[in-house]
Amino acid sequence: LTDSQYQHLTPLLWVEVTSIFDQYKIPILKRKANIKNRRGNVFGVNLSSLIMRDMPRPNDTSMVPQIFQSILYQLNTRCLEEDGILRIASHQQKLNYLCSEIESKFYNDRKHVEFILSQATVHDLTGVLKKLLRDLPDTIFTMELFDMFYKCSLIPNREDQSTALNLLVLLLPVEHRNTFRLLLQFCINVINHENQNRMN
């Protein structure tokens, strides 16, 4: 199914997933997200706004913000074997410089930003990635669905648990679902190199 076809299935997906939670008498809480951007260009901006700012790139139909694609490309191509890739913190001064350059120049001097990303250490890149995720006004799993994702662990039947998780992923907005897929692929790549990076 295409992303637009999933939108027509949303009411059915809601019925399916809530019936699983009801079956196990697990209460669910739907919260409203704070979707207001924090007046930034890149950091503190929701995923849909980032994608709208990226739109001039004609060949990109991934619905994943370019900044996430750029950072994950660098991490996947040259950093997977680095010891403690996600565990060791970045040097704060370098991280602040990198974030400042991305914030001020990502949309008007992309070549410069791509160059400094290519020169950044693995721990600086993961620091930027973590900051991007922390600063999102609405989380990758969205505030509306977050409680349900969390409470899937309370479903005792593994098959129903897996079905509920799959339904919740399908209920995510397309930009959240595709960004999650890219992040998940990166985590799988990290695990595949656990002998070198000690991140099992």
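Source: prediction; values computed, not measured.

Visitor: Sorry, what's going on with the overall build of the protein chain here?
Guide: If you tally the helices and strands in the protein chain, you get 10 helices and 0 strands. Listed N to C, the secondary structure of the protein chain is α-α-α-α-α-α-α-α-α-α in terms of helices and strands. Relative to the compact-globule value of 16 Å for 200 residues, the protein chain shows a C-alpha radius of gyration of 18 Å, a close match. The C-alpha extent of the protein chain, read off along each of the three principal axes, is 50 × 40 × 30 Å. Looking at the 200 residues of the protein chain, the share that counts as buried comes to 42%.

Visitor: Help me out: how do you make sense of the packing of helix α2 (residues 47–54) against helix α9 (residues 174–192) in this one?
Guide: In a pair of packed helices, the angle between the axes and the distance between the axes together describe the arrangement. Running from N to C, α2 and α9 point in directions that differ by 90 degrees, and their axes come no closer than 9 Å. Here α9 runs roughly perpendicular to α2, going by the angle between their axes. Two secondary-structure elements touch here, α2 through L47, S48 and I51 and α9 through E175, H176 and T179. Class assignment for the residues of the contact of α2 with α9 results in 2 nonpolar, 3 polar and 1 charged.

Visitor: When you look at unusual backbone geometry in this model, what are you seeing that I'm missing?
Guide: What is expected of a backbone is that most residues other than glycine have negative phi and most peptide bonds are trans. With a phi angle near 60 degrees, M63 is a residue other than glycine that sits in the positive phi range. Looking at the element boundaries, M63 is found in the loop between α2 and α3 (66–78). Taking relative accessible area as the criterion, M63 reaches 27% and is therefore assigned partly exposed.

Calculation criteria
Residues numbered from 1 in each chain as written. Predicted model: local features only at pLDDT ≥ 70, side-chain atom pairs only at ≥ 80, totals over all residues. Heavy atoms only, no water. Helix = DSSP H or I, 4+ residues; strand = E, 2+ residues; numbered from the N terminus. Rg over C-alpha atoms; globule rule 2.2 N^0.38 Å. Buried < 20%, exposed > 50% of the residue type's maximum accessible area, 1.4 Å probe, protein only. Axes fitted to C-alpha atoms, helices over the stretch in contact; angles between N-to-C directions. Parallel < 35°, antiparallel > 145°, perpendicular 65-115°, else oblique. Contact = heavy atoms within 4.5 Å. Nonpolar A, V, L, I, M, F, W, Y, C, P; charged D, E, K, R; others polar.

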